[in-house]
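What the coordinates show
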Amino acid sequence: MSSFTPDPCAGWVGGIDLGGTKIEAVLFDSALSRKTLRRRITPRDNYSDLLDALAEEVAWLRSQSGRPDLPVGIGVPGLINRQTGISVTANLPANGHPLAQDLAQKAGGKIVAANDCKCFTLSEANGGAGEGHEHVFGLILGTGLGGGYCLNGQLILGRNDLPGEVGHYGLPAYLVATHQLPLLPCGCGRVGCVETLISGTGIAQIAKTVTGIALSAEQVAADPSEPGNVKTLQIWSELTAELLHTIQLHLDPDCIVLGGGLSNIDEVDIILSKALDRIALPSVRRPAIVKPAFGDSSGSRGAALLAYGLTRKD
Ligand SMILES: [Zn+2]
């Protein structure tokens, strides 16, 4: 079950995926079909240049659509305080700024922003790999580790937009002890968060513990039968299964859609399904664990769904 129903009266919308390295601007019609797209390098030196670049993309989307009031959604790699609009983002010069408000002031019209993992989940829950499920959890296994939660196609945001920020759960003590894994500092300021070992950069830490060499996730995945890589992936899947188990205990979703670079590991959906089966509580039904339908395109598509929400409030 999802909430998105194409509405020809709602008009077109723009979706911008703002990444640490590139900006992708996509124009969608009212059925969320992609009409046109362009990409550019993300300015990283200062906030003013970043705002200018985003304003140019908004103007381009509006010129392409013929609608000077085209609503535009933006997916941002960071947390956004809903009360103040202030962004907390380590990889952009927007940290501490109300990005959507400043951009709306500069470009005019309706602009909304949300965390990129939330955009991914919104996209996959509406017409994506989570379509047809009531409770959908999007889990991004990328450079970092994050996610989002949709109920009936709507994001659940809680008091602080935190649902889905599972990268900052603590690591399971028995696996840390069993495999003699390191307790590492996390970007959030705490020590021993699951993100430090389950993310793309985390796999390198596991590989370093197992083999003494910090192989990248791509290197490990490229040679999955090498004994050190077998052990690395086994430990990674055990840790990730514990995370999935914790998500199940909290939210009991019908479907978990995997995203990010690690979702490209061969048969990762099957590997994690089996790993969760080994540790799940007896007699509970496992959520469907699936690869994404839209992958990297979900960022701009989810951002467009945010903008689509703006059109429905007209
Ligand atoms: Zn953390």
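All of the points below concern the structure found in this document. (Residues numbered from 1 in each chain as written. Predicted model: local features only at pLDDT ≥ 70, side-chain atom pairs only at ≥ 80, totals over all residues. Heavy atoms only, no water.)

**Side note on the sheet that holds strand β2 (residues 22-28)**
Adjacent strands of a sheet form backbone hydrogen bonds with each other and so pair up, either parallel or antiparallel. Our working definition: We treat two strands as partners when DSSP finds at least two bridges between them. Secondary structure is summarised from DSSP: a helix means a run of H or I of at least four residues, a strand means a run of E of at least two, and numbering begins at the N terminus for each. Axis lines are fitted through C-alpha atoms, for helices just across the contact stretch, and the angle between N-to-C directions can take any value from 0 to 180 degrees. Residues are treated as being in contact if the distance between any of their heavy atoms lies within 4.5 Å.
Read across the sheet, five strands follow the order β3-β2-β1-β4-β7 without closing on themselves; strand pairing throughout is mixed. One side of each edge strand has no neighbouring strand; the edge strands of this open sheet are β3 (34-41) and β7 (111-115). Across the sheet, the mean angle from the axis of one strand to that of its neighbour is 20 degrees, orientation sign disregarded. One ladder, built from seven bridges, connects β2 with β3; its direction is antiparallel. Residue pairing for β3: Lys 22 is matched across the bridge by Ile 41. Each of β1 (13-18), β2, β3, β4 (72-76) and β7 is contacted by helix α1 (residues 47-65), which is oriented at about 20 degrees to β2, the strand it contacts most. In the packing of helix α3 (residues 116-125) onto the sheet, contacts are made with β4 and β7, and the angle to β7 comes to roughly 95 degrees.

**Focus on the side chain of Thr 196**
Let me state the cut-off plainly: Relative accessibility thresholds used throughout: buried, under 20% of the residue-type maximum; exposed, over 50%; partly exposed, between the two (1.4 Å probe, protein chains only). For the purposes of these results, a polar contact is taken to be a pair of N or O atoms within 3.5 Å, where, inside protein, one atom must be able to donate a hydrogen and its partner to accept one; residues adjacent in sequence count only when each atom of the pair is a side-chain atom.
With respect to the secondary-structure elements, Thr 196 resides in helix α5 (residues 195-198). Relative accessible area serves as the criterion here: at 10%, Thr 196 is assigned to the buried category. There is a polar contact of 2.6 Å between the side chain of Thr 196 and the backbone oxygen of Cys 193. Ignoring sequence-local partners within four residues, the contact set of Thr 196 consists of Leu 171, Leu 184, Pro 185, Cys 186, Gly 202 and Gln 205.

Geometry only, nothing functional implied.
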